[in-house]
Amino acid sequence: MAEARRPETAVAPRQADRWPILALLCFSLLMIAVDATVLHIAVPALTAALEPSAVQLLWIIDVYSLVVAPLLVTFGTLGDRYGRRRIVLAGYVVFGVASAAAALSGSAAALIGARALLGVGGAMIMPATLSIIREVFTDRRERAIALGVWSAVAAAGAAVGPLIGAVLVEHAWWGAVFLINVPIVLVLLPLAARLLPDSRAGVRQPWDAVSAVLSTLGILALAFGLKETGTGHASGAPILLTGAALLVWFVRRQRRLAFPLIDVGLFRRRAFTTGVASVMLAVFALVGLQLMLAQYLQLVLGDSPLVAAVRMLPLMIAAITGGLTAACVLRRAGLRATMSGGLALTALALVPTLTWGTEHHTVMLTICFAGIGFGVEVALLAASDTIMASAPASQAGAAAAIEETAYELGAGLGIAVLGTVTTVVYAPALAAVRGVPPPVMHQARQSLAAAADEARRLGGRPGVELLARAREAFITALHSTVLVSIVLLALTALAAALLVPRRPPEDDPS
C-alpha cells in the first residue's frame, strides 16, 4: 500500500479577508456559470452563421458542461495536492485563451473545440470555490450564508446567461458572448493572486492519472452515445455501452486504490448521496429546460433575443431570492422539508407548460419561471450544505468536486437527454410540406432553428407552412421533455422525503 507523503502547511487566510474572498470566488463562479447558458438565446444566430447539424448544435451548447463535469474531480484533487490557488490562476489563463478562440471560430467544429477548452479552464477554477469557502468560513452559520450566496450566484449566472447573450447578439455578433470573458479574466487574475490562500489538503497523496482518463472518457462517451442514439445512428448503442463500461471500471478502480481519485466510500453516507442526486436532478431540469424554453420564446412565439431574455428574468430573480433565503428556510423547516419541498415546487411549476401552444401567456409564464427558479435554489442550498457537512474536512476538495461534478453533469446531461428527447420527437413530428424539396425538409428536421432558417430562405406559402408545421412539431417535443423532467423531479423529491434526515448532519472534522 502506498504511503502518504509529508504533511503540507497551508497558508491560513486572514479572517478579515473571508468576505472579499467570497466575492472573488463568486465573480469567478458567475463567469463560469454564465458560459454554461450564454448560448441558449444565441442558437438562432449561431445556426444562421455556422449552419451546424443537429448533433453539432447540441455539442456546441453541451460540450462545455460535459468537459467540466469529469474534470472537476481531477482538478479538485490536484488542487488538494498542489495548492488550489495555483490551479485557479492557471484556470484563468486557459479560460481567457479559450474564450478568445471561441469568439473567432469560423466553423462549428472549431467552436466545439474552443468550448471544450473553455470547459477545461472552468474545471480548473470551480472546485476551489466550494473548498475554499469551507476553509475560510469555519463558523457553520456563516458558511450557510456563504453557501447561499454561492448557490444564488451559480443559478443567477445560469439564468442571466441568456440575457447577456441576447444583448451581445443584438448589438454586436454571437462571438461577443465569449470575447467579453477576456477583460474579466484580466481583472480577476491579479486579485486572485493577492487574495486567495495557497490552501491544500494536509496530506499529499499519490494522484492516479488513469482514473482521471477513465472518468473523462466515460462521461464523454456516455453523452456522445446519447446524442448519436437520439439521431438514429447505429453507432450510438456501442458508444453508450463503452461509456458505461469505462465508468464501471473507474468505480472499481477507486475501490482498489489506497488513495483513490474519488473516495466512493463517501456515497455510503445516505445524506451525502441524496444531496448529490438532488443537485444533479435539479440542475438537469433547470438548464435543459431553459434551453428549450428559450427556443420556444424566440422561434415559436416570435420574441426577439432580448425580449425572450427579459421574459426569462423572473427565473433569475427567483433563483437569487431562493439562494439568499434558503439558509433561513433550512433552519426553520429542516433539511428534509427544504430539499423535498424545493424539488416538488419545481415539478409543480412545470405542469402548466404541458398545455402551452402558440398563444402568449405572459402571467402564467412568469409564475412558472419564478417557481422553477426558487424551487431549484432552495433544493440546491439544502443539498450543498448536507454534502459539505457530511464529508471529512480532509476531503473537502473531493466533496466539493463531487458536488460540482453533479452540478455540471446535471447541466450537461440535461441538455443531452432533453435535447435528444426533443430531437427524437421533433423530427418525425415534422411531416413533409407540399412545395418544400426533400433536402430542405431533411435540414428542417435537424432543429427548429434550422427549420426557421430554411423557411426564411424559401419564402412564400411553402416557407410559411414549413415554419408553422415546425413550430407545432417543436411544441409536441417540448411537452415530452417537460413530462420527463416532471417525473424525474417528483421521484427525487419523494426519495428526499423518505431518505434524508430531518436536520442537517454535524460537520465531520476528521
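In short, a report on the structure. (Residues numbered from 1 in each chain as written. Predicted model: local features only at pLDDT ≥ 70, side-chain atom pairs only at ≥ 80, totals over all residues. Heavy atoms only, no water.)

Let us look at the environment of Val97. Assignment of secondary structure puts Val97 in helix H4 (residues 84-103). On the basis of relative accessible area, Val97 is assigned to the exposed category, the value being 51%. Residues Val97 and Leu118, spaced 21 residues apart in sequence, show a C-alpha to C-alpha distance of 8.3 Å. (Helix = DSSP H or I, 4+ residues; strand = E, 2+ residues; numbered from the N terminus. Buried < 20%, exposed > 50% of the residue type's maximum accessible area, 1.4 Å probe, protein only.)

Our next topic: the packing of aromatic side chains. Counting across every chain of the model gives two aromatic pairs. Centre to centre, the rings of Phe267 and Phe272 are 5.3 Å apart; their planes meet at 85 degrees, and the pair counts as edge-to-face. Residue class for Phe267 comes out partly exposed when judged on its relative accessible area of 34%. By relative accessible area, which is 0% here, Phe272 ends up buried. Between Tyr296 and Trp356, the aromatic rings sit 6.1 Å apart at their centres with planes inclined by 20 degrees, giving stacked as the arrangement. One end of the pair, Tyr296, is in helix H11 (residues 270-300); the other, Trp356, is in the loop between helix H14 (335-350) and helix H15 (362-390), with 60 residues separating them in the sequence. Comparing Tyr296 with Trp356, the two get one shared label, buried. (Phe/Tyr/Trp six-rings, centres within 6.5 Å; stacked < 30°, edge-to-face > 60°.)

Glancing now at the nonpolar core. Tyr92, Phe178 and Tyr296 are the most contacted members of the largest nonpolar core, which has 165 residues in total. With 18 residues, the top contributor of residues to this core is H11. Once you skip the residues sitting within four places of it in the chain, Phe178 turns out to touch Asp35, Leu39, Ser99, Ala102, Ala103, Leu111, Arg115 and Leu118. (Core = buried A, V, L, I, M, F, W, Y, C linked by side-chain atoms within 4.5 Å. Contact = heavy atoms within 4.5 Å.)

This brings us to the pattern of salt bridges. A full pass over the atoms with the stated rule returns three salt bridges. A salt bridge links Arg457 to Glu454; its shortest N-O distance comes to 3.6 Å. With a gap of three residues between them, Arg457 and Glu454 both fall in helix H18 (residues 448-458), about one helical turn apart. Residue classification places Glu454 among the buried residues on the basis of a relative accessible area of 11%. We note a salt bridge from Arg469 to Glu465, for which the minimum N-O separation is 2.9 Å. Taken together, the residues Arg469 and Glu465, both in helix H19 (residues 460-499) and four residues apart, mark about one turn of the helix. (Salt bridge = Lys/Arg side-chain N within 4 Å of Asp/Glu carboxyl O.)

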